[in-house]
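# Residue-level structural notes
These are the residues of each chain, in order.
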Amino acid sequence: MYTCKKCGTPLEKQLSECPICHTKNPAGEPESMAGKDLTETYDPVAPEFVLIRQKSRKLAAVLAFTLGFLGIPLFYLGYKRSGLWWLFVAIVVVAIGILWVPISYYLIGALLLAQIGLGLVILTSSNLKDGRGELLR
């Protein structure tokens, strides 16, 4: 809550002019939060507090090595569009494999190689980020 420095009128937000005395910039310059201790204002129980949890690299790798061909680790990491593409390609490849049996072994092998490659990328890249741009833990 702000107050006008000239007439003392309570202001709900910082305004460019006081509605009562018409003073320019009535609440003064906004306070700089640089160098201030914010531990007293931090309230994790407040309703506006949003807990952001980092995604686990180990869980993403396990998902990649087990269900990677379906794009499940990409959904877990928050890459929904890429996960949908992986799922679409897997469905098309399985459908082609069912309809054309002689090539099905090659297609299954290609899916498994892609799955292993995705798992290795998740395990080995040190700066891999999730869909929100946060590093994996």
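Let me begin by describing the structure that accompanies this report.

### What about the overall build of the protein chain?
The number of helices and strands found in the protein chain is 4 helices and 2 strands. Overall, the protein chain shows an N-to-C arrangement of helices and strands of β-β-α-α-α-α. Of all 137 residues assigned to the protein chain, the portion counted as buried reaches 25%. When contacts within the protein chain are restricted to residue pairs at least 6 apart in sequence, those whose partners lie at least 24 apart make up 36%. Accessible surface, the protein chain as shown: approximately 10200 Å² in total, 66% of it carbon and sulfur.

### Some words on the packing of helix α3 (residues 80-99) against helix α4 (residues 104-124)
In contact at an axis separation of 8 Å, α3 and α4 are set at 160 degrees when each is read in the N-to-C sense. Relative to α4, α3 is oriented roughly antiparallel. Crossing hand, α3 versus α4: left-handed. Residues W86, A90, V93, V94, I96 and G97 of α3 lie in contact with α4, whose contacting residues are S104, L107, L111, A114 and L118. Grouping the amino acids of the contact of α3 with α4 by side-chain chemistry returns 9 nonpolar, 2 polar and no charged.

### Examining the nonpolar core
If you look at the biggest cluster of nonpolar residues, it comprises 9 residues: A60, A61, A64, L74, L77, L118, I122, L128 and L136. At the level of secondary structure, the elements contributing two or more residues to this core comprise α1 (57-67), α2 (72-77) and α4. The element contributing the most residues to this core is α1, with 3 residues. What L136 contacts, discounting residues up to four positions off in sequence, is K55, R57, L77, L128 and D130.

### Considering the packing of α1 against α4
Between α1 and α4, whose axes approach to 8 Å, the crossing angle comes to 170 degrees. Taken together, the axes of α1 and α4 are roughly antiparallel relative to one another. For the pair α1 and α4, contact is made by R57, A60, A61, A64, F65, T66 and L67 and by Q115, I116, L118, G119, L120, I122 and L123, respectively. Of the residues assigned to the contact of α1 with α4, the class counts are 10 nonpolar, 3 polar and 1 charged.

### Remarks on the side chain of D130
Secondary-structure assignment places D130 in the segment after α4. Discounting chain neighbours no more than four positions away, the residues touching D130 are K55, L77, Y79 and L136.

### Remarks on the side chain of Q115
Relative to the elements of secondary structure, Q115 occurs in helix α4. Ignoring anything within four residues of it in the chain, the contact list for Q115 reads A64, F65, T66, L67, G68 and F69.

### Thoughts on α4
The first and last C-alpha atoms of α4 sit 30 Å apart over 21 residues, in line with the 30 Å expected at 1.5 Å per residue. Those residues of α4 not exposed but buried are S104, L107, L111, Q115, L118, G119 and I122. Seen from one end, α4 has its buried residues packed into an arc of 115 degrees, which puts them on one side. Projecting away from the buried face of α4 at angles above 90 degrees are the exposed residues Y105, Y106, L113 and T124. Structurally, α4 contributes buried residues whose contacts are with α1, α2 and α3.

Cut-offs used in this document
- Residues numbered from 1 in each chain as written.
- Predicted model: local features only at pLDDT ≥ 70, side-chain atom pairs only at ≥ 80, totals over all residues.
- Heavy atoms only, no water.
- Helix = DSSP H or I, 4+ residues; strand = E, 2+ residues; numbered from the N terminus.
- Buried < 20%, exposed > 50% of the residue type's maximum accessible area, 1.4 Å probe, protein only.
- Contact = heavy atoms within 4.5 Å.
- Areas by Shrake-Rupley, 256 points an atom, 1.4 Å probe, with all protein chains shown as cover.
- Axes fitted to C-alpha atoms, helices over the stretch in contact; angles between N-to-C directions.
- Parallel < 35°, antiparallel > 145°, perpendicular 65-115°, else oblique.
- Left-handed = near helix turned anticlockwise from the far one by under 90°.
- Nonpolar A, V, L, I, M, F, W, Y, C, P; charged D, E, K, R; others polar.
- Core = buried A, V, L, I, M, F, W, Y, C linked by side-chain atoms within 4.5 Å.
- Expected span 1.5 Å × (residues − 1).
- Arc of directions from axis to C-beta.

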